[in-house]
Amino acid sequence: MKFQWSLLFGLIFAVVIALFAVYNVDAVPVNYVFGTADWPLILVILGSALLGALLSGTVAIYRSFMLSRKVKHLEKELEKKEASINALQNEIVVHQEKSLEVVEKPIEVNKDLT
C-alpha cells in the first residue's frame, strides 16, 4: 500500500512538472561567465533543480559516510571499554573471594602466652 501511494504521488508530481513545462517554454537569457545563451525557462528551472539535487545528494552521502565511520569507531571503542569493564569485574570477584577466604579462616590463639 505504501508503494502504491508513493507511485501515485510520483505520477501526480510528473503531471504537475509536465504542465509546468508546457506553460514555461519562453526563452530566457542565461548569463555565463564566458557569455550569454537563450534557453527555455523550463530547462533552466529543471537544470537548477537537478544541480541542487545533485549537490544536496553529494553532501548527504558524504555526511552518511562520515557518520558510519564514526559509528564504527565508537563501536570499537565500546567493545574495548566493555572488555575492560569485564576484566575489572573479574578482578573484583577474585579480590572478594580472597577476602572471604581470609575472613573464614579461624583465628588461632597462641595459648603459650599465659
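Reading the values: the criteria
Residues numbered from 1 in each chain as written. Predicted model: local features only at pLDDT ≥ 70, side-chain atom pairs only at ≥ 80, totals over all residues. Heavy atoms only, no water. Phe/Tyr/Trp six-rings, centres within 6.5 Å; stacked < 30°, edge-to-face > 60°. Buried < 20%, exposed > 50% of the residue type's maximum accessible area, 1.4 Å probe, protein only. Pairing = 2+ DSSP bridges. Helix = DSSP H or I, 4+ residues; strand = E, 2+ residues; numbered from the N terminus.

Undergrad: Even after reading the chapter, I still don't get the packing of aromatic side chains, so can you show me in this structure?
TA: For any two aromatic rings, the description comes down to two numbers: the centre-to-centre distance and the angle of the planes. Taken as a whole and assessed by the stated rule, the structure comprises two aromatic pairs. With centroids separated by 5.5 Å and ring planes inclined at 5°, the aromatic side chains of Y32 and F34 adopt a geometry described as stacked. Of the residues examined, F34 reaches a relative accessible area of 75% and is grouped as exposed.

Undergrad: I'm lost on the pairing of strand β2 (residues 36-40) in this one. Help?
TA: Walk down a regular strand and you will see the side chains alternate between the two sheet faces. Relative to β2, strand β1 (residues 27-31) is paired through five bridges, and the arrangement is antiparallel. In the strand pairing of β2, P29 is matched with D38. In textbook terms, the turn of a hairpin is the stretch between consecutive antiparallel strands, and for β1 and β2 this stretch comprises four residues.

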